[in-house]
Amino acid sequence: MSDDLYDRDALAWSERQAALLRRVARGERVNDVDWDHVVEEIEDVGLSELHAVESCLERLLAHLLKLRGWPELETGDHWRGEIVTFQAGAARRFAPSMRQRIDLEGLYRTAVQQIEPRRYGGRPTLAPPAACPVTLDQLLRLPRAELEAAFSSPPAG
(Lines give C-alpha, C1' and ligand atoms only; values in the text may rest on other atoms or scores of the structure.)
Protein backbone atom coordinates (compact mmCIF):
# COMPACT_ATOMS: atom_id res chain seq x y z
CA MET A 1 0.00 0.00 0.00
CA SER A 2 2.84 2.42 0.79
CA ASP A 3 4.28 1.94 -2.70
CA ASP A 4 0.87 2.65 -4.20
CA LEU A 5 0.41 5.77 -2.06
CA TYR A 6 3.94 6.91 -2.95
CA ASP A 7 3.05 6.73 -6.64
CA ARG A 8 -0.44 8.24 -6.30
CA ASP A 9 0.00 11.03 -3.74
CA ALA A 10 3.51 12.05 -2.70
CA LEU A 11 2.22 14.58 -0.18
CA ALA A 12 0.01 12.05 1.63
CA TRP A 13 2.83 9.49 1.48
CA SER A 14 5.37 11.92 2.97
CA GLU A 15 3.00 12.93 5.78
CA ARG A 16 2.32 9.29 6.61
CA GLN A 17 6.01 8.41 6.57
CA ALA A 18 6.86 11.41 8.77
CA ALA A 19 4.26 10.31 11.32
CA LEU A 20 5.65 6.77 11.29
CA LEU A 21 9.23 8.01 11.66
CA ARG A 22 8.22 10.16 14.63
CA ARG A 23 6.82 7.03 16.25
CA VAL A 24 10.07 5.18 15.54
CA ALA A 25 12.01 8.09 17.08
CA ARG A 26 9.91 7.72 20.25
CA GLY A 27 10.96 4.08 20.45
CA GLU A 28 7.83 2.45 19.06
CA ARG A 29 8.09 -0.59 16.83
CA VAL A 30 6.58 0.28 13.47
CA ASN A 31 6.41 -2.05 10.49
CA ASP A 32 4.88 0.21 7.85
CA VAL A 33 7.80 2.55 7.14
CA ASP A 34 8.53 2.57 3.40
CA TRP A 35 12.28 2.49 3.99
CA ASP A 36 13.36 2.20 0.36
CA HIS A 37 11.46 5.31 -0.67
CA VAL A 38 12.34 7.19 2.54
CA VAL A 39 16.04 6.64 1.88
CA GLU A 40 15.61 7.63 -1.78
CA GLU A 41 13.78 10.82 -0.83
CA ILE A 42 16.42 11.80 1.72
CA GLU A 43 19.12 11.38 -0.91
CA ASP A 44 17.04 13.38 -3.38
CA VAL A 45 16.75 16.30 -0.97
CA GLY A 46 20.53 16.67 -0.86
CA LEU A 47 20.91 16.30 -4.61
CA SER A 48 18.16 18.83 -5.18
CA GLU A 49 20.00 21.37 -3.04
CA LEU A 50 23.26 20.67 -4.89
CA HIS A 51 21.57 21.08 -8.28
CA ALA A 52 19.93 24.34 -7.17
CA VAL A 53 23.34 25.78 -6.24
CA GLU A 54 24.89 24.54 -9.48
CA SER A 55 22.06 26.11 -11.48
CA CYS A 56 22.57 29.49 -9.79
CA LEU A 57 26.33 29.29 -10.38
CA GLU A 58 25.91 28.35 -14.04
CA ARG A 59 23.52 31.26 -14.66
CA LEU A 60 25.84 33.59 -12.73
CA LEU A 61 28.75 32.54 -14.93
CA ALA A 62 26.70 32.97 -18.11
CA HIS A 63 25.73 36.51 -17.11
CA LEU A 64 29.33 37.40 -16.28
CA LEU A 65 30.32 36.11 -19.71
CA LYS A 66 27.57 38.17 -21.35
CA LEU A 67 28.89 41.30 -19.66
CA ARG A 68 32.37 40.49 -20.89
CA GLY A 69 31.15 39.72 -24.39
CA TRP A 70 28.85 42.69 -24.85
CA PRO A 71 29.92 45.35 -22.31
CA GLU A 72 28.36 48.28 -24.16
CA LEU A 73 24.79 46.99 -24.31
CA GLU A 74 22.01 48.56 -22.26
CA THR A 75 20.98 45.08 -21.09
CA GLY A 76 24.17 45.07 -19.02
CA ASP A 77 22.34 46.64 -16.08
CA HIS A 78 19.77 43.84 -16.20
CA TRP A 79 22.55 41.25 -16.30
CA ARG A 80 24.26 42.91 -13.33
CA GLY A 81 21.05 42.65 -11.32
CA GLU A 82 20.72 39.00 -12.26
CA ILE A 83 24.33 38.36 -11.19
CA VAL A 84 23.55 39.69 -7.72
CA THR A 85 20.40 37.54 -7.55
CA PHE A 86 22.11 34.34 -8.72
CA GLN A 87 25.09 34.87 -6.42
CA ALA A 88 22.84 35.46 -3.41
CA GLY A 89 20.83 32.34 -4.22
CA ALA A 90 23.94 30.20 -4.58
CA ALA A 91 25.56 31.57 -1.42
CA ARG A 92 22.39 31.14 0.63
CA ARG A 93 21.97 27.49 -0.35
CA PHE A 94 25.65 26.52 -0.48
CA ALA A 95 26.77 23.96 2.11
CA PRO A 96 30.41 22.98 2.78
CA SER A 97 29.81 19.37 1.67
CA MET A 98 28.96 20.67 -1.82
CA ARG A 99 32.48 21.97 -2.39
CA GLN A 100 33.85 18.57 -3.41
CA ARG A 101 30.85 17.87 -5.66
CA ILE A 102 30.73 21.14 -7.64
CA ASP A 103 32.65 21.01 -10.91
CA LEU A 104 33.27 24.72 -11.44
CA GLU A 105 35.13 24.22 -14.72
CA GLY A 106 32.30 22.03 -16.00
CA LEU A 107 29.75 24.69 -15.08
CA TYR A 108 31.96 27.30 -16.75
CA ARG A 109 32.21 25.25 -19.96
CA THR A 110 28.41 24.93 -20.02
CA ALA A 111 28.00 28.68 -19.51
CA VAL A 112 30.43 29.34 -22.39
CA GLN A 113 28.46 26.97 -24.62
CA GLN A 114 25.25 28.83 -23.73
CA ILE A 115 26.55 32.21 -24.81
CA GLU A 116 28.81 31.36 -27.76
CA PRO A 117 26.03 31.06 -30.36
CA ARG A 118 24.29 34.25 -29.21
CA ARG A 119 24.47 37.58 -30.96
CA TYR A 120 23.63 40.80 -29.17
CA GLY A 121 23.83 44.17 -30.84
CA GLY A 122 24.39 42.36 -34.14
CA ARG A 123 27.69 40.81 -33.15
CA PRO A 124 28.99 37.63 -31.52
CA THR A 125 30.60 37.63 -28.12
CA LEU A 126 34.22 38.43 -27.41
CA ALA A 127 36.21 35.28 -26.78
CA PRO A 128 35.71 34.08 -23.20
CA PRO A 129 38.66 33.22 -20.96
CA ALA A 130 39.93 29.69 -21.58
CA ALA A 131 39.25 28.75 -17.95
CA CYS A 132 37.05 30.19 -15.25
CA PRO A 133 38.91 33.26 -13.97
CA VAL A 134 37.63 32.92 -10.39
CA THR A 135 37.50 30.22 -7.74
CA LEU A 136 34.31 28.84 -6.26
CA ASP A 137 34.83 30.90 -3.09
CA GLN A 138 35.31 34.06 -5.13
CA LEU A 139 32.24 33.34 -7.20
CA LEU A 140 30.17 32.92 -4.04
CA ARG A 141 31.55 35.92 -2.14
CA LEU A 142 33.18 38.63 -4.24
CA PRO A 143 31.14 41.77 -4.87
CA ARG A 144 29.61 41.91 -8.34
CA ALA A 145 31.96 44.63 -9.55
CA GLU A 146 35.03 42.54 -8.61
CA LEU A 147 33.61 39.50 -10.38
CA GLU A 148 32.88 41.58 -13.44
CA ALA A 149 36.44 42.93 -13.39
CA ALA A 150 37.88 39.40 -13.12
CA PHE A 151 35.92 38.37 -16.22
CA SER A 152 36.77 41.55 -18.12
CA SER A 153 40.51 41.35 -17.57
CA PRO A 154 42.68 39.81 -20.26
CA PRO A 155 44.44 36.62 -19.15
CA ALA A 156 47.66 37.15 -17.19
CA GLY A 157 50.95 36.27 -18.83
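The residue numbers shown here count from 1 along each chain, following its written sequence. It should be noted that, the model being predicted, local features are given only for residues of pLDDT at least 70 and side-chain atom pairs only at 80 or more, the latter also being counted only at that level, while totals for whole chains, interfaces and linings use all residues. Excluded from the side-chain calculation are hydrogens and water; included are all heavy atoms of the structure.

Attention now goes to the confidence of the model for the protein. pLDDT is defined as a per-residue confidence score from the predictor, taking values between 0 and 100. Looking at the protein as a whole, its pLDDT mean stands at 91, while 95% of the residues score no less than 70. What counts as a helix is a DSSP run of H or I of at least four residues, what counts as a strand is a run of E of at least two, and both are numbered from the N terminus. The least confident element of the protein, judged by mean pLDDT, is helix α1 (residues 2-8) at 79; the most confident is helix α6 (residues 136-141) at 98.

So, about the nonpolar core. The set of buried Ala, Val, Leu, Ile, Met, Phe, Trp, Tyr and Cys residues whose side-chain atoms join them within 4.5 Å is what this entry labels a nonpolar core. Exposure categories follow from relative accessible area, calculated using a 1.4 Å probe and restricted to protein chains: below 20% of the type maximum is buried, above 50% is exposed, and the middle band is partly exposed. Counting residues in hydrophobic clusters, the biggest one holds 31 residues, and the most contacted among them are Leu-57, Leu-61, Ile-102, Leu-139 and Phe-151. For this core, the secondary structure elements donating two or more residues are α3 (35-69), α4 (76-93), α5 (104-115), α6 and α7 (144-152). Each residue touching Phe-151, except ones within four places of it in the same chain, is listed here: Leu-61, Leu-64, Leu-65, Arg-68, Tyr-108, Pro-129, Cys-132, Pro-133 and Val-134. Grouped together as the second largest cluster of nonpolar side chains are seven residues, Leu-5, Trp-13, Val-30 and Val-38 included. Here, two residues are considered to be in contact whenever any of their heavy atoms come within 4.5 Å of each other.

Turning to the side chain of Glu-148, a few remarks are in order. Here Glu-148 is to be found in helix α7. At 2.8 Å, the side chain of Glu-148 and the side chain of Arg-80 are in polar contact. Between N or O atoms, a polar contact is any pair within 3.5 Å; within protein, one atom must be a potential hydrogen donor and the other a potential acceptor, and residues adjacent in sequence are included only when both atoms are from side chains.

Glancing now at the packing of helix α2 (residues 10-25) against α3. The axes are straight lines fitted to the C-alpha atoms, using for helices just the contacting stretch, and the angles between their N-to-C directions are given from 0 to 180°. Axis separation between α2 and α3 bottoms out at 11 Å; the angle between their running directions is 105 degrees. Put simply, α2 runs roughly perpendicular to α3. Of the residues in α3, those touching α2 at Trp-13, Gln-17 and Leu-21 are Trp-35, His-37, Val-38 and Glu-41. Grouping the amino acids of the contact of α2 with α3 by side-chain chemistry returns four nonpolar, two polar and one charged. Angle categories: roughly parallel below 35 degrees, roughly antiparallel above 145, roughly perpendicular from 65 to 115, and oblique for all the rest. Classification used: nonpolar for Ala, Val, Leu, Ile, Met, Phe, Trp, Tyr, Cys and Pro, charged for Asp, Glu, Lys and Arg, polar for all others including Gly.

A word on the side chain of Thr-125. Structurally, Thr-125 can be placed in the loop between β2 (123-124) and α6. The contact partners of Thr-125, leaving out residues within four places of it in the chain, are Leu-65, Gly-69, Trp-70, Ile-115, Glu-116 and Arg-118.

Of note, Leu-139 is situated in helix α6. Along the primary structure Leu-139 and Leu-60 are separated by 79 residues, whereas in three dimensions their C-alpha atoms are 8.5 Å apart. Setting aside chain neighbours within four positions, we find Leu-139 in contact with Leu-57, Leu-60, Leu-61, Leu-64, Gln-87, Leu-104, Val-134 and Leu-147.

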